[in-house]
Amino acid sequence: DTAVSQTPKYLVTQMGNDKSIKCEQNLGHDTMYWYKQDSKKFLKIMFSYNNKELIINETVPNRFSPKSPDKAHLNLHINSLELGDSAVYFCASSPRIGGNQPQHFGDGTRLSIL
Amino acid sequence: SQKIEQNSEALNIQEGKTATLTCNYTNYSPAYLQWYRQDPGRGPVFLLLIRENEKEKRKERLKVTFDTTLKQSLFHITASQPADSATYLCAPSPYAGNMLTFGGGTRLMVKP
């Protein structure tokens, strides 16, 4: 059983389109995250939700809107896609919020903007 | 500003040797530091967590040290194997309520 699953694995789309990425965790964790990993492989936090509430919103354009319908799901919707949005997006979860909590990652969604 | 530095050049070692990877940080006082492994096309996988009051942590062939004076963590893999080849990421965090900040990772290549 996959602990943190993301769909789709690959997403190729045109500039200006709107797209969504879904994430589900079956670990019973309270906290979920979205990260962006760019071409230089730096992994940067975008958002964090704890028990469906937004905790962290780093300097991310408001074209990115996360939604957590329940504790096990955290989806990411992106409006008006731009070339610079091309990256791998990772979803992760941890038992609770905090730097002492190991994080479990999905295998990423590779977004390519044409 | 906070800076986390890992050697961006790949580390190539022979099978059976000990691999040592470095994580340096500046303008930062982490209370915890985590290490992750990332394989191509996969998400990072948690390996070890060390607290600021712990000098060393071990798990099987892995060992992590944390020197708050030098502002450095070292990650060792003893008796390395080709299967250990991957990118290793360090992620310090200042206190329990805060998020992880990841370094850029170091790619390890273990040759048979």
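About the thresholds
Residues numbered from 1 in each chain as written. Chains lettered and ligands numbered in written order. Predicted model: local features only at pLDDT ≥ 70, side-chain atom pairs only at ≥ 80, totals over all residues. Heavy atoms only, no water. Disulfide = S-S within 2.5 Å. Helix = DSSP H or I, 4+ residues; strand = E, 2+ residues; numbered from the N terminus. Buried < 20%, exposed > 50% of the residue type's maximum accessible area, 1.4 Å probe, protein only. Contact = heavy atoms within 4.5 Å. Buried area = accessible area lost by both parts, 1.4 Å probe. Salt bridge = Lys/Arg side-chain N within 4 Å of Asp/Glu carboxyl O. Polar contact = N/O pair within 3.5 Å; in protein donor to acceptor, adjacent residues only side chain to side chain. Nonpolar A, V, L, I, M, F, W, Y, C, P; charged D, E, K, R; others polar.

**Focus: the state of the cysteines**
No. 1: Applying the stated criterion across every chain yields a total of two disulfides over all chains.
No. 2: Across a sulfur-sulfur distance of 1.9 Å, Cys23(A) and Cys91(A) are joined as a disulfide pair. Taking the sign of the torsion about the S-S bond as the criterion, the disulfide between Cys23(A) and Cys91(A), at about -75°, is left-handed. One end of the pair, Cys23(A), is in strand 3 (residues 19-25); the other, Cys91(A), is in strand 9 (residues 87-94), with 68 residues separating them in the sequence. Exposure class is identical for Cys23(A) and Cys91(A). Each is buried.
No. 3: At a sulfur-sulfur separation of 2.0 Å, the disulfide partner of Cys23(B) is Cys90(B). Because the sign of the S-S torsion sets the handedness, a value of about 60° for the bond joining Cys23(B) and Cys90(B) places this disulfide among the right-handed ones. Note that Cys23(B) is positioned in strand 3 (residues 19-26) and Cys90(B) in strand 9 (residues 86-93), a separation of 67 residues in sequence.

**Concerning the interface of chain A and chain B**
No. 1: Tallying the contact residues gives 20 residues for chain A and 21 residues for chain B.
No. 2: Both sides together, the interface formed by chain A and chain B hides about 1,600 Å², and carbon and sulfur atoms give 57% of it.
No. 3: Our count for the contact surface shared by chain A and chain B stands at one salt bridge.
No. 4: A salt bridge links Asp107(A) to Arg42(B); the nearest nitrogen and oxygen atoms lie 3.0 Å apart.
No. 5: For the pair chain A and chain B, the interface holds six residue pairs in polar contact (both at pLDDT 80 or more).
No. 6: Counting only elements with at least two residues in the side of chain A that touches chain B, the list comes to strand 4 (31-37) and strand 5 (43-50) of chain A.
No. 7: The element contributing the most residues to the side of chain A that touches chain B is strand 4 of chain A, with three residues.
No. 8: Taken together, the residues of the side of chain A that touches chain B sort by class into nine nonpolar, eight polar and three charged.

**Some thoughts on the environment of Leu100(B)**
Residue and element names in this part refer to chain B.
No. 1: Along the polypeptide, Leu100 turns up in the loop between strand 9 and strand 10 (106-111).
No. 2: Using a relative accessible area of 3% as the deciding quantity, one classes Leu100 as buried.
No. 3: The spatial distance from the C-alpha of Leu100 to the C-alpha of Gln34 is 8.4 Å, given a sequence separation of 66 residues.

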